[in-house]
Amino acid sequence: MAGEAYPDLPLFRIDWTALTDAQIGEKLDAVANAGPQCASQTDLSLAGTIMQIACDAGTTGNDGPSLSYRFLTGNRLLLSENGGAGVNAGYAALDLGELTFLAHLIPGTLRGFAVVVDNHTRLATVFELWFGGYDKRGREVMREVYQGYVHADGEAAPTKRHEFNNRLEGAAYHWQQDTGAATLDFYDSIAYTHWVELTRMDRSQGYCAPADYIEIGHGKYIYTRTECEFSGIFTVYAFDVNALEQVGLRLGFNAADELEFQAFRGTGEWLGQIAKFEDFGSTDGGPMLPRPGPGQTADVDATAKGARAVYRPMETYRTMTKAEVDAIVPDNTTVFGRAVGEGSGATGMAYHVESPSEALIGRDVRVEYDDGPVMEYEFSSVDELRYRKDGGSWITARYHAWEAIDGVFLFGHALSGEPNHDGHITVLDFEEGKATCYNGYLNTPYIANEAGCRHLFGRLVADGAPDPGDARHEYTLDMLGRCITYSYQPGLTSMHLYSTPNTTSWIIFTPERSAGLQWAGSGAQVKIRDGLYFLYWIEEACNGTLGTILLNMRTMHDIGIGYHCGTEGLSISPVSALLRHAGQFDLERFFTQQGEA
């Protein structure tokens, strides 16, 4: 059932209405003759002209259309496709220097077009748009991209075309539109994008969607994103990286099932550039086509019109009920097991893990968490401890610990008998007398085997540890905007983008080391020392894993612990990677709060 247009929920938690073709068609018919809304003055200079566009084959090899436009008075046009009968529609056109952007629907259909023309070169990029995404996603806007040119009597057809490439990869911009919407747009892949809603939503979460990146030339580009797995809304804009201006279209249904059909202007700000990892001089770009692999299904035809690689992790994620979780976990919990099986959430990510530390053996530790439990520990060996919670009975448990810097340890263990199968992943800071815990648990409100995480801050009481008083480890903005690559083993490298104080986005590299598919989840960023940070993220609506790392920016190495529940049970496993700092975007001024929202 439809609710608020932009509810205070992560996009992947919104229960989107499965709109029918009839419902979609009714909304489109109501606006197709009027054309897109636009808060700025539209360009009416096309009135009385004719524009004929010849298109090459599309991105999937399908024949491109021939479009003949006759622009009437006002915002009316007559379109003939492939020599067929003319169709009258409303349109909006916006100019950007020598570029003309125009968009319209086709009355009586679920289709439309957005067109970018370079009036100097006569080159054109045409986006054919239609509602009716893969499978049951009728509200998702599909697109096919055609390159072509505008016919001119007596002149030969241009041989060059606008092109897909990686020239935008690694950049980010802040855009403010005349609609009132403001976003942070990250062009951090050749086929995906990440963005943060600054006005329509609460800016605490970043989101990911497939994207197109097309170079026009002379500092001008075209960008699209399709909110696949979310609302299905399609956004396209042409922009000038030097003038920092954009013109574009937003088409689709929001969470209130309201149709947004808006042409817009915007002004921008460059937020920085991160490193690329392809061979020097390589400019190969997208789009990426569907293929079998994680988060993708093999039944999408890569030659179908509009086909593109879309990361749909919920199609490959085996979700479990609370009853299933509660039945399997008690007898199937593996804590730092020697082998990590399929479904553990940590396969292949322990290649760079060093041997557990023996430095805690023989120590007694008490951790007093603010607004949380009191935990007491006796470390008896390198992998066995005894603990009790809030003065209860002593319980023997398996653990591992690693010393990140002198006197600072990361360790983890499972808690026995907890109703939600808790695990504690904790930083013990003997130098400052502090402790911080990411308390993983199951049976969350959304998916029973998807992890949740409580943040616990407290005081460490142990021989030699000072009394910190009220001081605690704190949330930080130091990591905000950073991109870090994580090489877990040969052939397994990803990159994390920390786009908000509460978001981690992970990007998977292609075999050519281009940034490819991408997803994001909630998390936190806590500062232990200058250059030493305790981070977590949850792979929400993905595989449910809680990932934690204690990251040392000075050694560019980390140690972490994953907490994951699958059909094989609950696992607590080590993770570690060799790191590279890919750069940092200038984001802090967009997040005035310190640390967590």
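Residues numbered from 1 in each chain as written. Predicted model: local features only at pLDDT ≥ 70, side-chain atom pairs only at ≥ 80, totals over all residues. Heavy atoms only, no water.

Asker: Just to check I follow, could you spell out the side chain of Ser499 for this structure?
Answerer: Relative to the assigned elements, Ser499 resides in strand β31 (residues 492-500). Under the relative-accessibility criterion, Ser499 is labelled buried at 0%. Separated by 2.7 Å, the side chains of Ser499 and His194 make a polar contact. Apart from residues lying up to four places away in sequence, Ser499 is in contact with Phe186, His194, Val196, Gly206, Leu480, Leu587 and Phe591. (Helix = DSSP H or I, 4+ residues; strand = E, 2+ residues; numbered from the N terminus. Buried < 20%, exposed > 50% of the residue type's maximum accessible area, 1.4 Å probe, protein only. Polar contact = N/O pair within 3.5 Å; in protein donor to acceptor, adjacent residues only side chain to side chain. Contact = heavy atoms within 4.5 Å.)

Asker: How should I be thinking about empty space enclosed by the protein in this particular structure?
Answerer: Any empty space left between the atoms is revealed when a probe the size of a water molecule rolls over them. This structure, assessed with the given rule, holds three cavities of 30 Å³ or more. Its volume calculated, the largest cavity comes out at about 70 Å³. Lining the largest cavity are 16 residues, with Tyr6, Leu11, Trp16, Glu227 and Ser231 positioned closest to its centre. The class makeup of the residues in the lining of the largest cavity is eleven nonpolar, two polar and three charged. (1 Å grid on protein atoms, 1.4 Å probe; cavity = no way out; pocket = protein on both sides within 12 Å on 5 of 7 lines; lining within 4 Å. Points joined across faces, edges and corners; volume = space filled by probe spheres on them. Nonpolar A, V, L, I, M, F, W, Y, C, P; charged D, E, K, R; others polar.)

Asker: Which parts of the structure should I look at to understand the sheet that holds strand β28 (residues 452-461)?
Answerer: Strand pairing in a sheet relies on backbone hydrogen bonds, with the paired strands running either antiparallel or parallel. Spatial ordering of the open sheet is given by β23-β22-β21-β20-β28-β27-β26-β25-β24, a layout of nine strands whose pairing is antiparallel. In the strand order of this sheet, the two ends are held by β23 (395-398) and β24 (400-405), each with one partner. Adjacent strand axes in the sheet meet at a mean angle of 25°, parallel and antiparallel pairs treated alike. As defined by bridge partners, strand β20 (residues 364-369) adjoins strand β21 (residues 374-379) across five bridges and the pair is classed as antiparallel. From the neighbouring strand, Val365 faces β21, where its bridge partner is Tyr377. (Pairing = 2+ DSSP bridges. Axes fitted to C-alpha atoms, helices over the stretch in contact; angles between N-to-C directions.)

Asker: I keep staring at the sheet that holds strand β2 (residues 50-58) and nothing clicks. Help me out?
Answerer: With antiparallel pairing, eight strands are arranged side by side around a closed barrel as β2-β3-β4-β5-β6-β7-β8-β9. Direction aside, neighbouring strands of the sheet carry axes that sit 30° apart on average. Looking at chain direction, strand β5 (residues 87-96) and strand β6 (residues 99-105) are connected through six bridges and run antiparallel. Paired with Leu94 across the two strands is Phe101, which belongs to β6.

Asker: Just checking my understanding: could you explain the pairing of strand β37 (residues 569-575) for this structure?
Answerer: Two faces belong to every sheet, and in a regular strand the side chains alternate between them. Within β37, seven of the seven residues are buried, which leaves the element mostly enclosed by the surrounding structure. Here strand β36 (residues 557-566) pairs with β37 via seven bridges, running antiparallel. Paired with Tyr563 across the strands is Ile572, a residue of β37. Counted between consecutive antiparallel strands, the loop separating β36 from β37 contains two residues.

Asker: Looking at this model, I keep getting lost on the domain arrangement of the protein chain. Mind explaining?
Answerer: In many analyses, interface size is given as the accessible surface area lost on bringing the parts together. Structurally, the protein chain comprises domain 1 (11-273) and domain 2 (322-587). The C-alpha-based centres of domain 1 and domain 2 are spaced at 42 Å. Counting residues at the interface gives 26 residues for domain 1 and 24 residues for domain 2. Viewed at the interface, domain 2 and domain 1 are joined by two salt bridges. (Domains from an automatic or database assignment. Salt bridge = Lys/Arg side-chain N within 4 Å of Asp/Glu carboxyl O.)

Asker: Help me understand the pattern of salt bridges in this model?
Answerer: Two side chains carrying opposite charge are able to pair once their charged atoms lie near each other. A full pass over the atoms with the stated rule returns 42 salt bridges. For Glu128, the salt bridge goes to Lys305, with nearest N and O atoms at 3.1 Å. Of this pair, Glu128 sits in strand β8 (residues 123-131) while Lys305 sits in the loop between β18 (259-273) and α2 (322-328), placing them 177 residues apart in sequence.

Asker: Please explain the side chain of Asp212 as it appears in this structure.
Answerer: Relative to the helices and strands, Asp212 resides in strand β14 (residues 206-217). Only 2.8 Å separates the side chain of Asp212 from the side chain of Arg143, close enough to count as a polar contact. A distance of 2.8 Å separates polar atoms of two side chains, one belonging to Asp212 and the other to Thr224.

Asker: Before we go on, may I ask you to explain the pairing of strand β16 (residues 234-240) in this structure?
Answerer: Burial analysis of β16 places seven of its seven residues in the buried class, the great majority of the element. What you see with β16 is no split at all: Phe234, Val236, Ala238 and Asp240 on one side and Thr235, Tyr237 and Phe239 on the other are buried throughout. One ladder, built from seven bridges, connects strand β15 (residues 220-226) with β16; its direction is antiparallel. Paired with Lys220 across the strands is Asp240, a residue of β16. The sheet contact formed by β16 and strand β17 (residues 245-253) spans seven bridges and is antiparallel.

Asker: Hey, could you run me through the packing of aromatic side chains in this one?
Answerer: This model, assessed by the stated rule, comprises 36 aromatic pairs. Ring geometry for Phe336 versus Trp402: centroids 5.7 Å apart, planes at 70°, classification edge-to-face. Taken as a pair, Phe336 in the loop between β19 (333-335) and β20 and Trp402 in strand β24 lie far apart in primary sequence, 66 residues in all. Here the two residues Phe336 and Trp402 agree in accessibility, since each one is buried. Put simply, the rings of Tyr173, Trp175, Tyr187, Tyr213, Tyr221, Tyr223, Tyr237, Phe239 and Phe264 pair up and form one aromatic cluster. Lying over the aromatic face of Trp130, Lys305 brings its terminal NZ or CZ to 4.9 Å of the ring centre. The residue whose ring lies beneath Arg454 is Tyr441, and the NZ or CZ to ring-centre distance is 4.0 Å. (Phe/Tyr/Trp six-rings, centres within 6.5 Å; stacked < 30°, edge-to-face > 60°. Lys NZ or Arg CZ within 6 Å of the ring centre and 35° of its normal.)

Asker: It is not clear to me how the environment of Gly583 should be interpreted in this structure. Could you clarify?
Answerer: Here Gly583 is to be found in strand β38 (residues 578-584). Residues Gly583 and Arg482 lie 101 residues apart in sequence; the distance between their C-alpha atoms is 5.9 Å. If sequence neighbours within four positions are ignored, Gly583 has contacts with Ile274, Gly481, Arg482 and Cys483.

Asker: Can you help me understand the environment of Glu269 in this one?
Answerer: Structurally, Glu269 can be placed in strand β18. For Glu269 and Gln176, which are 93 residues apart along the polypeptide, the C-alpha to C-alpha distance reads 8.8 Å.

Asker: Explain unusual backbone geometry here, please?
Answerer: The phi torsion of most residues other than glycine is negative, and most of the peptide bonds are trans. In the segment running from Gly286 into Pro287, the intervening peptide bond is cis, with an omega of -5°. Mapping Pro287 onto the fold places it in the loop between β18 and α2. Of note in this structure, Asp390 is not a glycine but carries a positive phi near 50°. One can find Asp390 in the loop between β22 (384-389) and β23.

Asker: Got a minute to help me understand helix α1 (residues 21-32) in this structure?
Answerer: Residue pairs three or four apart in sequence face the same way in an α-helix, which turns once every 3.6 residues. The end-to-end C-alpha distance of α1, which contains twelve residues, comes to 15 Å, matching closely the 16 Å that a straight helix rising 1.5 Å per residue would cover. For α1, every residue scored as buried is listed here: Ile24, Gly25, Leu28 and Ala32. End-on view of α1: buried residues confined to an arc of 95°, all on one side of the axis. Of the exposed residues in α1, the ones pointing more than 90 degrees away from its buried face are Ala22, Glu26 and Ala30. Looking at the buried positions of α1, the neighbouring elements they touch are β5, β6, β8, β17 and β18. (Expected span 1.5 Å × (residues − 1). Arc of directions from axis to C-beta.)

Asker: Help me understand the nonpolar core in this model?
Answerer: One finds Leu11, Phe230, Tyr486, Ile549 and Leu551 to be the most contacted residues of the largest nonpolar core, which totals 41 residues. Sorting the residues of this core by element identifies β13 (192-197), β14, β30 (482-489), β33 (515-529), β34 (532-538) and β35 (546-552) as the ones contributing at least two each. Each of domain 1 (11-273) and domain 2 (322-587) accounts for three or more of the residues forming this core. Setting aside residues no more than four positions away along its own chain, Leu551 makes contact with Met479, Tyr486, Gly531, Leu532, Tyr533, Leu535, His557, Asp558 and Leu579. (Core = buried A, V, L, I, M, F, W, Y, C linked by side-chain atoms within 4.5 Å.)

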